[in-house]
Amino acid sequence: MSNAPVKKVPIHLQSSQNRLLIKNGRVVNDDGMEDADVYIEDGIIKQVGRNLIIPGGTRTIDATGKLVMPGGIDPHTHFELEMMGAKTVDDFYKGTRAAVAGGTTTIIDFVLPQKGQSLIEAYNNWRQKADGKVCCDYALHVGVTWWSPSVKKEMEQLTSEQYGVNSFKMFMAYKDVWMMNDYDLCCAMETCADLKALAQVHAENGSIIARNCEKLLAAGVRGPDAHQLSRDEELEAEAVNRACVIANQAKSPLYVVHVMSKSAVQALQIARTRQKLPVYGETLAATVGTDGTHYKNSCFRHAAAHVLSPPLRPDPSTPQAIAEALADDHLQLIGSDNCTFHEKDKELGKDDFTKIPNGVNGVEDRMAILWQKAVNTGVMDPCRFVAVTSSNAARIFNLWPQKGRVEAGSDADVVVWDPRLQRTISAATHHHGVDFNIFEGQDVVGSPQYVIVNGRVCLDDGELRVAEGYGKFLKTPVNSPYVYGAPPAAAPEPEPVSPAIHTPSRVTNGNTPSPDLKVLNKQLDGMSVTSSGCSTPTGRKMRDPGQRDLQNSTFSISKEVEGLDTKTSVRVRNPPGGKSSGLW
Ligand SMILES: NC(=O)NCCC(=O)O
Ligand SMILES: [Zn+2]
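Residues numbered from 1 in each chain as written. Chains lettered and ligands numbered in written order. Predicted model: local features only at pLDDT ≥ 70, side-chain atom pairs only at ≥ 80, totals over all residues. Heavy atoms only, no water.

Draft legend 1. Geometry of the side chain of N376. In this fold, N376 is placed in the loop between α14 (366-375) and α15 (382-396). Within polar-contact distance, the side chain of N376 engages the side chain of Q372 at 2.9 Å. A polar contact of 2.8 Å, which involves the side chain of N376, links it to the backbone oxygen of V445. (Helix = DSSP H or I, 4+ residues; strand = E, 2+ residues; numbered from the N terminus. Polar contact = N/O pair within 3.5 Å; in protein donor to acceptor, adjacent residues only side chain to side chain.)

Draft legend 2. Representation of the site of ligand 1 in the model. The full set of residues close to ligand 1 is H76, H78, K169, Y174, H202, H258, L308, S309, D337, C339, N358 and G359. Contact distances for ligand 1 include 3.1 Å between an oxygen atom and a side-chain N or O atom of H78. Note that an oxygen atom of ligand 1 is positioned 2.8 Å from one of the backbone N or O atoms of S309. Calculation on ligand 1 without its partners gives an accessible area of 260 Å², and the protein chains cover 100% of this total. A molecule is said to occupy a pocket when more than half its atoms come within 2 Å of that pocket's grid points, and by this definition ligand 1 occupies the largest cavity. Here the residues of the shell around ligand 1 are counted per class, giving 3 nonpolar, 7 polar and 2 charged. (Near = heavy atom within 4 Å. Areas by Shrake-Rupley, 256 points an atom, 1.4 Å probe, with all protein chains shown as cover. 1 Å grid on protein atoms, 1.4 Å probe; cavity = no way out; pocket = protein on both sides within 12 Å on 5 of 7 lines; lining within 4 Å. Sits in = over half its atoms within 2 Å of the grid points. Nonpolar A, V, L, I, M, F, W, Y, C, P; charged D, E, K, R; others polar.)

Draft legend 3. Representation of α15 in the model. End to end, α15 covers 20 Å across 15 residues, agreeing with the expected 21 Å (1.5 Å per residue, within 8%). Most pronounced at V388, the bend in α15 amounts to some 50°. Of all 15 residues in α15, 15 are buried; the element is thus mostly enclosed. The N-capping residue of α15, defined by a side-chain oxygen 3.0 Å from the backbone nitrogen of C383, is D381. Just downstream of α15, N398 is the residue with a positive phi angle, here 60°. (Expected span 1.5 Å × (residues − 1). Bend = angle between axes of the 7 residues up to and from the residue. Buried < 20%, exposed > 50% of the residue type's maximum accessible area, 1.4 Å probe, protein only.)

Draft legend 4. Spotlight on the pairing of strand β1 (residues 19-23). As paired elements, β1 and strand β4 (residues 37-41) share 4 bridges and run antiparallel to each other. If you follow R19 over to β4, its bridge partner there is E41. (Pairing = 2+ DSSP bridges.)

Draft legend 5. Quick look at the pairing of strand β14 (residues 198-202). Counting buried residues along β14, 5 of its 5 residues qualify, which places the element largely inside the surrounding structure. Across the two faces of β14 the burial is the same, with L198, Q200 and H202 and A199 and V201 all buried. Sheet topology places strand β13 (residues 167-171) next to β14; 5 bridges connect them, and they run parallel. Bridge pairing in β14 places M170 opposite V201. Note on the crossover from β13 through helix α5 (residues 182-195) to β14: the handedness is right-handed. (Right-handed = clockwise from strand over helix to strand, strands pointing away.)

Draft legend 6. Structural context of the pattern of salt bridges. Summed over all chains, the structure comprises 32 salt bridges. The partner of D182 in a salt bridge is R242, and the shortest N-O contact between them spans 2.7 Å. With D182 in helix α5 and R242 in helix α8 (residues 233-250), this residue pair connects regions lying 60 residues apart in the sequence. The network of salt bridges with common partners includes D30, D31, R395, R405 and E407. (Salt bridge = Lys/Arg side-chain N within 4 Å of Asp/Glu carboxyl O.)

Draft legend 7. Focus on the packing of α8 against helix α9 (residues 262-272). It is at 8 Å that the axes of α8 and α9 come closest, and there the two elements cross at 20°. Relative to α9, the element α8 lies roughly parallel. You can see that α8 and α9 cross each other, and the crossing is right-handed. Residue-level inspection shows E233, E236, A237, V240, N241 and C244 of α8 in contact with α9, the latter providing K262, S263, A264, A267, L268 and A271. (Axes fitted to C-alpha atoms, helices over the stretch in contact; angles between N-to-C directions. Parallel < 35°, antiparallel > 145°, perpendicular 65-115°, else oblique. Left-handed = near helix turned anticlockwise from the far one by under 90°. Contact = heavy atoms within 4.5 Å.)

Draft legend 8. Quick peek at the coordination of the zinc ion (ligand 2). Coordination of the zinc ion (ligand 2) by the protein is provided by H76 (NE2), H78 (NE2) and D337 (OD), with metal-donor distances spanning 2.0 to 2.3 Å. Its 4 donor atoms give the zinc ion (ligand 2) angles of 84 to 145° at the centre, a pattern that matches the irregular case. When the donor residues of the zinc ion (ligand 2) are listed from N- to C-terminus, their spacing reads H-x1-H-x258-D. Remark: D337 occurs in the loop between β17 (333-335) and α13 (343-346) and H78 occurs in the loop between β8 (72-77) and β9 (82-83); sequence separation between them is 259 residues. Just as H78 is buried, D337 falls in that class too. (Donors = N, O, S within 2.8 Å, 3.2 Å for Na, K, Ca; no water. Tetrahedral: all angles 85-135°; square planar, octahedral: opposite > 155°, others 65-115°.)

Draft legend 9. Representation of the layout of surface pockets in the model. Space inside the largest pocket adds up to approximately 530 Å³. Surrounding the largest pocket, 23 residues form its lining, M84, Y174, K175, V177 and T354 being those nearest its centre. Of the residues forming the lining of the largest pocket, the biggest block, 6 residues, is contributed by helix α6 (residues 206-218). Of the residues in the lining of the largest pocket, the class split is 11 nonpolar, 6 polar and 6 charged. (Points joined across faces, edges and corners; volume = space filled by probe spheres on them.)

Draft legend 10. Region of interest: the sheet that holds strand β5 (residues 44-49). The sheet built from 4 strands is open, its strands ordered β5-β4-β1-β6 with mixed pairing. The open sheet is flanked by β5 and β6 (59-62), the only strands paired with a single partner. For this sheet, the mean inter-axis angle between neighbouring strands, taken without regard to orientation, is 20°. As paired elements, β4 and β5 share 5 bridges and run antiparallel to each other. When the bridges of β5 are listed, D37 appears paired with G49.

Draft legend 11. Quick peek at the packing of aromatic side chains. Enumeration according to the criterion identifies 13 aromatic pairs in this entry. Taking the centre distance of 5.4 Å and the plane angle of 50° together, the rings of W371 and W417 count as tilted. On the criterion of sequence distance, the pair formed by W371 in helix α14 and W417 in strand β18 (residues 414-424) is long-range, its members being 46 residues apart. Both residues of the pair, W371 and W417, count as buried. Taken together through their ring pairs, the aromatic side chains of F79, F92, Y123, Y138, Y163 and F473 make up a single cluster. Here K169 stacks its cationic end above the ring of F110, 4.2 Å away from the centre of that ring. Across the ring face of Y470, the terminal group of R456 is positioned such that the distance to the ring centre comes to 5.6 Å. (Phe/Tyr/Trp six-rings, centres within 6.5 Å; stacked < 30°, edge-to-face > 60°. Lys NZ or Arg CZ within 6 Å of the ring centre and 35° of its normal.)

The structure is reproduced here in structure tokens:
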């Protein structure tokens, strides 16, 4: 495709796309699947069901054999970020273009102020960079990279309706740049709790990393492989534990961004047993889709392209373990941390690994990689896939059910997913600005065929037709019911906050499985064509022993969806948190 951006097309000029019917597909939400048609008008899902009455002139997409899912929400991107003396290649146009190509229809980027800089000034700067360029909707987290009474005041301002921010990220690494000490971290988390915003942390022990870097450089160890050596799993796990302790002391819920190792997942699990408030864990497509063996590649370009923090782990069992942690609700979301740098920028660290700009791609391939590694292998069912790629982010950041759900009244951000579509990931064909892809050469089965963004068909039978500036900024209100609990009802005691967090094992979408669910799921296991794929309370797809591979399995989504003349709709149960009431 041409690199020239398509300028925004006013919605009233897109008449043929104002009304859209997606027919014969299987609708997948995080709590169940049903065979249903989806009717969209003026950017909103108007009806979901069968035998819908549709106005003439409506465009129809035939989704026979396809899954109809909420568009992905990538909770972690860095578009047009300046760091370590370089600027990311993917700006808000190229980045969101790549996002849409892969099935993601909302991204949440990070405003990262310099130490001493006004948070509001940085926020305005980000809005300026993004507003005219985004091809899909976006929201913003704001980094708290230093501490003072003015920062506290600005956090309060940012959570107002005017700015619409409900999450703040603190760094425990990047010493002397963005890192906060424990005292300041505690103050920032207390402020988040007071404001009913969500505290996020980059969890790595930055002081010890700095010391390790000094020692490695002094010993003449200067190549990209030293990046991982300077910040091993122990330093991530220690920081995860410390962040949980501080959050507990500050009485704050916590969201740990990019959990990259088995040790860190374990630290999260242990901390949750004593944690008073929710702790969420996000991992990355990079962690599930590749590993740290690439740091040993003799080509500097190749090794440096994989440098991000925390790093990919050399333990080859990590990707599978992380996919399982996502399936079992030990982790709740998968993001990309998309932060791409040109070769010439990575070369800033040619003779000193500490100067390699940190970051990798992932916003485009996040969904296909997880599908390939977790759904096709039987680790996760399609409902859990929707939960971790979309709905959980919508709930946590208080965008649900506007986003993250295929339901009447929700925004028409919809993906028609072809579970049989085969392709090979490559920098030659991806839609990023960067010329390297960390998943290069990987074959995936399952990708979007159509991507609908606010009612507009932006990926049309594989043809990307995004429009620059078409997306809008999403204000995220504080006091997410999912994080802070629904407002108390009249008589009964309020529900405990987010059961997902307190019962992290064996659940789909954060719910403790009830006995009847287990029975239901057992029955579903025996059902073929029309049954829900949400067949286990763990989120793992039921399968017969030895049939882990979707392509070789009797569980064939495509086969199941095709040729149906009857419908079985299975709703597993209502999601926690209830419907979001916090939207302004
Ligand atoms: N993750 C990374 O390596 N780069 C982006 C900045 C950050 O999130 O740490
Ligand atoms: Zn990041």
